[in-house]
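If you want the building blocks of each chain, they are given just below.
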Amino acid sequence: MNKLRIGICGWGNVATGLFKTLQTNAGEIKKRSNLEIEIIAIGARRDNPKCDPGNIIIERDIFKIIDYDIDVVVELIGGVDVARDLIIKSLNAKKHVVTANKAVIFNHGDELLSIANKNGVNLLYESSVCAGTPIIKLLKQELAASKISKISGMLNGTSNYILSNMEEGMEFESTLKLAQEKGYAEPDPTFDIEGTDAAHKIGILSSLAFGSSLPPKDFYIKGINEIHKDDFKYAHEMGYTIKHLAIAKLTNNSIDLRAHPSLVKLDSYLASLKGVRNGIEVETDLLGTLHIAGSGAGQEATASGVISDLIYLSDSKIQKVNNNNESSGLINFIDLDFQYYFYIEASDLSGVMASISSIFANKDVSIESISQKENLNNDLVPIIIITDPFKEKDHQELVDKLLDLDSVNKIRSIRIEPQ
Ligand code: HSE
């Protein structure tokens, strides 16, 4: 039987979830991996009334955990600056580190991985993306022989939950409230609804698949807060639904990295994944398209990923190559081409349709379809336009020109992701 001695830093939801899962699933871990994981000490700044650590030593100074005779420091304190400091000190003390902290990996990944390399230890972070739903080691190991051309998916469960409910006719605000009540959303839900959480995750996946840096250069991030439930109705009529997609794609050796709402075909795999689950599609040369879906948040799901890292370490405590230094540049977002869905709310008067379409024509944007929908209650009418692909750099100007028309009251636009 292999043994692994660990110290846990943090005693919140995630850390206590790990503690409990290591107890409830100890038999399974032993049976399946021939491994006994022993918690030597816990760094807890304060007690957690929801969890009794029994006889395990508790240190109020989390940094003291590094001094114990342990193989691994498990960083579950969250946040960025103190977590970075703790990880650096642990690696320099030649301890392996396992973390579930996406913000610290996104913002300091390259620095931390090079410190791990220098010290001959591992820094593992499976649960930083989609909790325990396997994607990090999948990209690093199982797909190591494949060329990956695209990773896309719903990496934020809260957004997927909200959009799935809006698809059923709920309003944005009430479904966000429900997500918070169910504990899906981050403590600050702006991270979920403005796309930051998904952006962190795709940044990490892009570094593994394509060697982009951590932190990556700025890239385009937009959340779901401007989508209206009616957009689903119009999208459905044309065979689409709306998902918040995080995308990393290799095009001519440059990386197209972005996270924003997208129309996707209703019959696509990603469209079929509803609710709080995360779903990822990985396009490879050797395996074709791979689909992964699972829980992306919660105590048990996160514990599952952390334990998978611990088992990986126990299999081989020798250092693996921690990062891929073959960095490629990011494509400038405004140079990309997108097909667009436009919702244009306009006065129901003669000549309005013609003036709207002439703005598209003047910008040399070709229209694939245009249709006027049922009048709203206020003499305004929704006009739905699907364009052919055009340069992102022309999009804002097109919107501004449309809004300049007296007859146009409101515009929403969403990119269409080809599948
Ligand atoms: N709040 C995140 C989500 C989970 O909704 O997916 C943690 O990353």
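Residues numbered from 1 in each chain as written. Predicted model: local features only at pLDDT ≥ 70, side-chain atom pairs only at ≥ 80, totals over all residues. Heavy atoms only, no water.

S.K.: Before we go on, may I ask you to explain the site of the ligand in this structure?
M.R.: Around the ligand sit Lys102, Asn156, Gly157, Thr158, Tyr184, Glu186, Asp192, Asp197, Lys201, Gly296 and Ala297, and that is every residue in its neighbourhood. The contact in question runs from an oxygen atom of the ligand to an N or O atom on the side chain of Lys102, over 2.9 Å. The protein chains hide 90% of the 260 Å² of surface that the ligand would expose on its own. Within the shell around the ligand, the residues separate by chemical class into two nonpolar, four polar and five charged. (Near = heavy atom within 4 Å. Polar contact = N/O pair within 3.5 Å; in protein donor to acceptor, adjacent residues only side chain to side chain. Areas by Shrake-Rupley, 256 points an atom, 1.4 Å probe, with all protein chains shown as cover. Nonpolar A, V, L, I, M, F, W, Y, C, P; charged D, E, K, R; others polar.)

S.K.: Honestly, the nonpolar core in this entry has me stumped. Any pointers?
M.R.: Generally speaking, nonpolar side chains in soluble globular proteins are found buried as a group. Leu123, Ile135, Leu139, Ile151, Ile202, Leu205 and Val282 are the most contacted members of the largest nonpolar core, which totals 54 residues. Among the elements that take part in this core, helix H9 (residues 196-210) stands out by supplying eight residues, more than any other. The residue makeup of this core includes at least three contributed by each of domain 1 (2-128) and domain 2 (135-295). Those residues in contact with Ile151 that sit more than four places away from it in its chain are Leu139, Ile202, Leu205, Ala209, Ala246, Ile247, Ala248, Ile280, Glu281 and Val282. Of all hydrophobic cores here, the second largest spans 28 residues; its members include Ile8, Ala44, Val72 and Ala303. (Core = buried A, V, L, I, M, F, W, Y, C linked by side-chain atoms within 4.5 Å. Buried < 20%, exposed > 50% of the residue type's maximum accessible area, 1.4 Å probe, protein only. Helix = DSSP H or I, 4+ residues; strand = E, 2+ residues; numbered from the N terminus. Domains from an automatic or database assignment. Contact = heavy atoms within 4.5 Å.)

S.K.: Sorry if this is basic, but what is going on with the sheet that holds strand E1 (residues 2-9) here?
M.R.: The pairing of strands in a sheet comes from backbone hydrogen bonds and takes either a parallel or an antiparallel form. Strand order across the open sheet formed by six strands is E3-E2-E1-E4-E5-E6, with parallel pairing between neighbours. Whereas interior strands pair on both sides, the edge strands pair on one side only; in this sheet they are strand E3 (57-59) and strand E6 (123-124). Two strands pair when backbone bridges link them, and E1 and strand E4 (residues 72-75) are joined in this way by four bridges, in the parallel orientation. Considered in E4, the bridge of Cys9 is made with Glu75. (Pairing = 2+ DSSP bridges.)

S.K.: When you look at the pairing of strand E13 (residues 337-347) in this model, what are you seeing that I'm missing?
M.R.: Look at any regular strand and the pattern is simple: side chains alternate between the two faces of the sheet. Most of E13 is tucked away, with ten of its eleven residues classed as buried. In this structure, E13 lies alongside strand E16 (residues 390-391), joined through two bridges in antiparallel fashion. Bridging from a neighbouring strand, Asp337 pairs with Lys391 of E16. The sheet contact formed by E13 and strand E15 (residues 380-387) spans seven bridges and is antiparallel. Across the sheet, the residue bridging to Glu345 is Pro382, located in E15.

S.K.: I tried to follow the domain arrangement of the protein chain on my own but got confused; where do I start?
M.R.: Bring the parts together and some accessible area is lost; that lost area is often taken as the interface size. According to the domain assignment, the protein chain consists of domain 1 (2-128), domain 2 (135-295) and domain 3 (337-416). Between the C-alpha centres of domain 1 and domain 3 the distance comes to 52 Å.

S.K.: Is there a simple way to explain the packing of aromatic side chains in this structure?
M.R.: Each aromatic ring pair is characterised by the separation of its centres together with the angle its planes make. For the structure shown, the criterion picks out nine aromatic pairs. Each ring, one from Tyr161 and one from Tyr184, has its centre 5.0 Å from the other, and the planes form 75 degrees; the classification is edge-to-face. One end of the pair, Tyr161, is in helix H6 (residues 157-167); the other, Tyr184, is in the loop between helix H7 (172-181) and helix H8 (190-193), and 23 residues separate them in sequence. Among the residues examined, Tyr161 registers a relative accessible area of 9% and is labelled buried. Taken together, the aromatic side chains of Tyr340, Phe342, Phe360 and Phe390 make up a single cluster linked through ring pairs. Over the face of the ring belonging to Tyr343 we find Arg412, whose NZ or CZ atom lies 3.9 Å from the ring centre. (Phe/Tyr/Trp six-rings, centres within 6.5 Å; stacked < 30°, edge-to-face > 60°. Lys NZ or Arg CZ within 6 Å of the ring centre and 35° of its normal.)

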